[in-house]
Amino acid sequence: RKKTPSDFLGAAIGSRVVVRLNTGVEYRGILACLDGYMNIAMEQTEEYVGGDLKNKYGDAFIRGNN
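Residues numbered from 1 in each chain as written. Predicted model: local features only at pLDDT ≥ 70, side-chain atom pairs only at ≥ 80, totals over all residues. Heavy atoms only, no water.

> Teacher, can you tell me more about the packing of aromatic side chains here?
Under the definition given, this model contains zero aromatic pairs. It is Arg28 that lies over the ring of Tyr48; its NZ or CZ is 3.9 Å from the centre. (Phe/Tyr/Trp six-rings, centres within 6.5 Å; stacked < 30°, edge-to-face > 60°. Lys NZ or Arg CZ within 6 Å of the ring centre and 35° of its normal.)

So, in structure tokens, the structure goes:
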């Protein structure tokens with residue numbers, strides 16, 4: 001069976017990931033869960049703007065497109 005993007009992302013749960021928004025802002029942390037709308041929950045999240053650490057969050061929720 002060919003792997004889908006959903007399979008790939010599901011396998012990444014519990015791993016450290018980088019989520020880059022269209023604005024260029026990056027969130028780095030542990031992928032906790034996601035859904036079909038690409039809503040993403042992360043733990044131990046750090047926010048980077050222009051490559052510089054700006055904030056640290058315990059948990060973060062990034063709203064996807066719908």
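There's more to say after this.
> How do you make sense of the layout of surface pockets when you look at a structure like this?
Once rolled over the atoms, a probe with the size of a water molecule shows which space is left empty. In this structure, the largest pocket spans a volume of roughly 190 Å³. Of all the secondary structure elements, the ones that give two or more residues to the lining of the largest pocket are α1 (5-11), β1 (16-20) and β2 (26-34). No other element matches β1, which puts three residues into the lining of the largest pocket. The class makeup of the residues in the lining of the largest pocket is twelve nonpolar, one polar and one charged. (1 Å grid on protein atoms, 1.4 Å probe; cavity = no way out; pocket = protein on both sides within 12 Å on 5 of 7 lines; lining within 4 Å. Points joined across faces, edges and corners; volume = space filled by probe spheres on them. Helix = DSSP H or I, 4+ residues; strand = E, 2+ residues; numbered from the N terminus. Nonpolar A, V, L, I, M, F, W, Y, C, P; charged D, E, K, R; others polar.)

> I'm lost on the confidence of the model for the protein chain in this one. Help?
Summarising the model, the protein chain shows a mean pLDDT of 92, and 98% of its residues fall at 70 or more. Per-element confidence in the protein chain is highest for strand β3 (residues 40-49), whose mean pLDDT is 97, and lowest for α1, whose mean pLDDT is 84. (pLDDT = per-residue confidence, 0-100.)

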